[in-house]
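Listed below, chain by chain, are the residues.
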Amino acid sequence: MSDEDRCILVETLDQRIGMITFNRSAKRNALSKAFLEDVRATLEGFRQSGVRVVILRAASAARVWSAGHDVADLPRGHVDPLGYDDPLEMTLRAVQRFPGPVIAMVTGAVWGGACDLAMTCDIAIGDPTSSFCMTPARLGVPYNASGLIHFIGRVGLNIAKEMFFTASPIDAQRAANLGLLNHLVEADELESFTLAMARQIASLSGAAIEVIKEQFRVLTMTRPLPVETFERIHALRAKVYNSHDYSEAIQAFLEKRPPRFTGN
Ligand code: LCV
């Protein structure tokens, strides 16, 4: 497959820094099944070749970092749209399990599941064009528990609720104030700033960083849930992805028209 056809472009810098550039601009870097499979395969290749830091980015000056989950790949109803084996969920876990920091280098707007991807990265660095918008309520999608935990952990409960309940974008300055971005830097400094941080990390003990990253993961994802709570969450979410609102929202997106929600 030529680079032009690939959803991502891949390069390795200084033998230890991997860079994945989103390359699906015609679809605003929407995260399709093939796109996400390529990201996961690339992360595994990086792991095997000893890459210690990974940068996820869009092309320079992209207006959209990623438009989120590819809506065309979403089930039309009666199937969990963000289940454990969903390609995006599998990719978020691959990012969490990569044995070194994954940095989101953000230019442009970040939508829906791409916000979860950026937030699942260990570090996020953006320029003033970056913005973050959570869209499940626009698409009638009952987001999933692990995704909600990502947001609560990153920005706190109140801000996470505002993001999900309003589906309104958060601009770069507010994202930096809230900790969605570790750093907000000028557009012309973004790549050099990000690479300098990646080189700094790659110069340190990879063994120590790998173990510290895994401790962060297990300590933040451990939520003892009574079985009854787990089953109730499953039932609540099934009600929504079996609803008229969900199937109508997906159909409306594909037909490029506003959805007509009935609340059922
Ligand atoms: C497939 C797309 C997409 C797309 N999928 O360009 O978080 S959850 O639960 O909601 C989760 C399920 C999730 O992540 O859902 C997706 C959430 N994403 C969004 O709601 C963003 C939807 N996209 C947009 O609002 C616009 O495309 C933006 C504002 C990103 C860019 O607008 P712009 O005018 O620059 P177009 O809308 O014209 O899109 C260009 C092409 O990309 C496709 C879109 O259908 C169009 O394809 P065609 O040229 O074939 O018509 N596209 C955009 N987003 N998420 N396809």
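Residues numbered from 1 in each chain as written. Predicted model: local features only at pLDDT ≥ 70, side-chain atom pairs only at ≥ 80, totals over all residues. Heavy atoms only, no water.

Further remarks concern the nonpolar core. By size, the foremost hydrophobic cluster in this structure holds 54 residues, and its most contacted members are Ile 20, Val 54, Leu 56, Trp 65, Phe 132, Phe 151 and Met 163. For Phe 132, the residues in contact, after removing those within four places along its chain, are Val 106, Val 110, Cys 115, Ala 118, Met 163, Ser 168, Pro 169, Ile 170, Ala 175, Leu 180 and Leu 181. Listed in part, the 16 residues of the second largest apolar core include Ile 103, Leu 190, Leu 195 and Met 197. (Core = buried A, V, L, I, M, F, W, Y, C linked by side-chain atoms within 4.5 Å. Buried < 20%, exposed > 50% of the residue type's maximum accessible area, 1.4 Å probe, protein only. Contact = heavy atoms within 4.5 Å.)

The local shell around the ligand holds 22 residues, among which Lys 27, Ala 67, Gly 113, Thr 135 and Lys 256 are the closest. Ala 67 places a main-chain nitrogen or oxygen 2.8 Å from a nitrogen atom of the ligand. Pro 136 is positioned with one of its backbone polar atoms (N or O) 3.3 Å from an oxygen atom of the ligand. Looking at the shell around the ligand, its residues break down into twelve nonpolar, five polar and five charged. (Near = heavy atom within 4 Å. Polar contact = N/O pair within 3.5 Å; in protein donor to acceptor, adjacent residues only side chain to side chain. Nonpolar A, V, L, I, M, F, W, Y, C, P; charged D, E, K, R; others polar.)

Moving on: the sheet that holds strand β8 (residues 131-133). Pairing in this open sheet of four strands is mixed, and the strands run β4-β6-β8-β9 from one edge to the other. On the outer flanks of this sheet lie β4 (64-66) and β9 (170-171), each paired with one strand and no other. Both strand β6 (residues 109-111) and β8 contribute to a ladder of three bridges, which runs parallel. In the strand pairing of β8, Val 110 is matched with Phe 132. The sheet contacts of helix α3 (residues 113-120) involve β4, β6 and β8, and relative to β6 the element is tilted by about 105°. (Pairing = 2+ DSSP bridges. Helix = DSSP H or I, 4+ residues; strand = E, 2+ residues; numbered from the N terminus. Axes fitted to C-alpha atoms, helices over the stretch in contact; angles between N-to-C directions.)

Let's shift gears to unusual backbone geometry. Even without a glycine there, the phi angle at Asn 29 is positive, about 55°. Topologically, Asn 29 is positioned in the loop between β2 (17-22) and α1 (33-48). With relative accessibility at 4%, the residue Asn 29 sits in the buried group. The residue Lys 256 is not glycine, and still its phi comes out positive at about 55°. Taking relative accessible area as the criterion, Lys 256 reaches 78% and is therefore assigned exposed.

A few words on the packing of α1 against helix α2 (residues 87-97). At a minimum axis distance of 9 Å, the contact between α1 and α2 shows a crossing angle of 20°. Between α1 and α2, the angle is such that the two are roughly parallel. As α1 runs across α2, the sense of the crossing is left-handed. In contact with Lys 33, Leu 36, Val 39, Arg 40 and Leu 43 of α1, α2 contributes Pro 87, Leu 88, Met 90, Thr 91, Ala 94 and Val 95. (Parallel < 35°, antiparallel > 145°, perpendicular 65-115°, else oblique. Left-handed = near helix turned anticlockwise from the far one by under 90°.)

Turning our eyes to something else, we now look at the sheet that holds strand β5 (residues 102-106). Read across the sheet, six strands follow the order β1-β2-β3-β5-β7-β10 without closing on themselves; strand pairing throughout is mixed. Taken across any chain shown, the strands that pair with only one partner, and hence form the sheet edges, are β1 (8-13) and β10 (183-184). Looking at chain direction, β2 and strand β3 (residues 53-57) are connected through five bridges and run parallel. Opposite Ile 17, over in β3, you have Val 53 as the bridge partner.

The next subject is the pattern of salt bridges. Under the counting rule described, the total for this entry stands at twelve salt bridges. A salt bridge links Lys 33 to Glu 37; the shortest N-O distance between them is 2.8 Å. Taken together, the residues span about one helical turn, with Lys 33 and Glu 37 both in helix α1 at a distance of four residues. Assessed through its relative accessible area of 48%, Lys 33 is described here as partly exposed. Among the residues examined, Glu 37 registers a relative accessible area of 36% and is labelled partly exposed. The partner of Glu 248 in a salt bridge is Arg 257, and the shortest N-O contact between them spans 2.7 Å. Glu 248 gets classed as buried once you look at its relative accessible area, which sits at 10%. Here the salt bridges share partners, and the residues they tie into one network are Glu 248, Glu 255 and Arg 257. (Salt bridge = Lys/Arg side-chain N within 4 Å of Asp/Glu carboxyl O.)

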